[in-house]
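Residue-level listing of the chains:
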Amino acid sequence: QVQLVESGGDLVQPGGSLRLSCAASGSIFRINVMGWYRQAPGKQRELVASITGDSSTNYADSVKGRFTISRDNARNTVYLQMNSLKPEDTAVYYCNARIITYVVLFRENDYWGQGTQVTVSS
């Protein structure tokens, strides 16, 4: 089975920085899109950033210029560098990966990590 392990969430002051990491493991044939989502209490889960296998990136308007997504294909890992953090960035951040596996047949599915809490407060 595929597992996503997230790390890097913490309490930081406004203007501070964090780097989130997510490593995928298991019976992975190929990882297509990887991304980060976040969800604050009482709000819908929203896409923060995504990155394709060709390193094409996409960002939510609210984080453009502040966050940077990257991936290490050899380690099946995606990162989210977060700079100039604001209180409104406070949320649980979830790693997502669209992964092709092989169990009798090739299958493609989305996998989610457990989430890591990011709190931005003075």
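Let's talk about the overall build of the chain
Part 1: Helix and strand counts for the chain stand at 0 helices and 11 strands.
Part 2: If you list the helices and strands of the chain from N to C, you get β-β-β-β-β-β-β-β-β-β-β.
Part 3: For a compact globule of 122 residues, the expected C-alpha radius of gyration is about 14 Å, and the chain comes in at 14 Å, within 12% of that figure.
Part 4: In terms of principal-axis extent, the alpha carbons of the chain reach across some 50 × 25 × 25 Å.

Re the pattern of salt bridges
Part 1: One pass over the structure, following the stated rule, counts 6 salt bridges.
Part 2: A salt bridge links Lys 64 to Asp 61, with the shortest nitrogen-to-oxygen separation between them at 3.1 Å.
Part 3: For Arg 66, the salt bridge identified is with Asp 89, shortest N-O distance 2.8 Å. Linking Arg 66 in the loop between β6 (57-59) and β7 (67-72) with Asp 89 in the loop between β8 (77-82) and β9 (91-103), this pair joins segments that are 23 residues apart in sequence.
Part 4: The class of Arg 66 is buried, set by a relative accessible area of 11%.
Part 5: For Asp 89, a relative accessible area of 1% corresponds to the buried category.
Part 6: Here the salt bridges do not stand alone but share partners, grouping Arg 38, Glu 46, Arg 66 and Asp 89 into one network.

What to know about the sheet that holds strand β1 (residues 3-7)
Backbone hydrogen bonds are what pair the strands of a sheet, in a parallel or an antiparallel way.
Part 1: Here 4 strands make up an open sheet; going across it, the order is β1-β3-β8-β7 and the pairing antiparallel. Because the sheet does not close on itself, it has two edges, and the strands there are β1 and β7. The mean inter-strand angle of the sheet, taken between neighbouring strand axes irrespective of direction, is 15 degrees.
Part 2: Bridge analysis of strand β3 (residues 18-25) against β8 gives 6 bridges, and the strand direction is antiparallel. Within the sheet, the bridge partner assigned to Arg 19 lies in β8 and is Gln 81.

A word on the packing of aromatic side chains
Part 1: Across all of its chains, the model carries 3 aromatic pairs by this definition.
Part 2: Feature note: the residues Phe 29, Tyr 102 and Phe 106 constitute an aromatic cluster, connected by ring pairs.
Part 3: Looking at Arg 45, its charged tip hangs above the ring of Trp 112, at a distance of 4.7 Å from the centre.

Considering the side chain of Thr 101
Part 1: Turning to its location among the elements, Thr 101 is positioned in strand β9.
Part 2: Look past the residues within four positions of Thr 101 in its chain and what remains in contact with it is Val 2, Ser 27, Phe 29, Phe 106, Arg 107 and Tyr 111.

Quick notes on unusual backbone geometry
Part 1: Of note in this structure, Asn 76 is not a glycine but carries a positive phi near 50 degrees.
Part 2: For Ser 84, which is not glycine, the phi torsion reads 50 degrees and is therefore positive.

So, a nonpolar patch on the surface
Part 1: Taken together, the side chains of Phe 29, Tyr 102 and Phe 106 define a hydrophobic patch exposed on the protein surface, amounting to about 370 Å² of accessible area.
Part 2: Here Phe 106 lies in strand β10 (residues 105-112).

The rules behind the values
- Along each chain, residues carry numbers from 1 onward, in the same order as the chain's sequence is written.
- Two thresholds apply to this predicted model, a pLDDT of at least 70 for residue-level local features and 80 or more for giving and counting side-chain atom pairs, whereas whole-chain, interface and lining totals are computed over all residues.
- The basis for every side-chain value is the complete set of heavy atoms in the structure, and neither hydrogens nor water enter the calculation.
- Under the scheme used here, helices are H or I runs from DSSP no shorter than 4 residues and strands are E runs no shorter than 2 residues, and both carry numbers assigned from the N terminus.
- For the radius of gyration, the atoms used are the C-alpha atoms, and the globule rule reads 2.2 Å times the number of residues raised to 0.38.
- Note on definitions: salt bridges are taken to be side-chain nitrogens of Lys or Arg within 4 Å of carboxyl oxygens of Asp or Glu.
- Relative accessible area decides the class of each residue, using a 1.4 Å probe on protein chains only: under 20% of the type maximum gives buried, over 50% gives exposed, and in between gives partly exposed.
- At least two bridges found by DSSP between two strands is the condition for calling them paired.
- Working convention: axes come from line fits to C-alpha atoms, limited for helices to the stretch in contact. Angles between N-to-C directions cover 0 to 180 degrees.
- Pairing of aromatic side chains requires ring centres within 6.5 Å, counting the rings of Phe and Tyr and the six-membered ring of Trp. Pairs whose planes differ by under 30 degrees are stacked, by over 60 edge-to-face, and all others tilted.
- To sit over a ring, a charge needs its Lys NZ or Arg CZ within 6 Å of the ring centre and within 35 degrees of the ring normal.
- Residue contacts are defined here by distance: any two heavy atoms, one from each residue, within 4.5 Å place the two residues in contact.
- Like-charged residues within 9 Å of one another, or nonpolar side chains (Val, Leu, Ile, Met, Phe, Trp, Tyr) within 5 Å, are grouped into patches, provided each residue has over 30% relative accessible area and no salt bridge.
- Every accessible area reported is derived by Shrake-Rupley at a probe size of 1.4 Å, with residue values counting cover from the shown protein chains alone.

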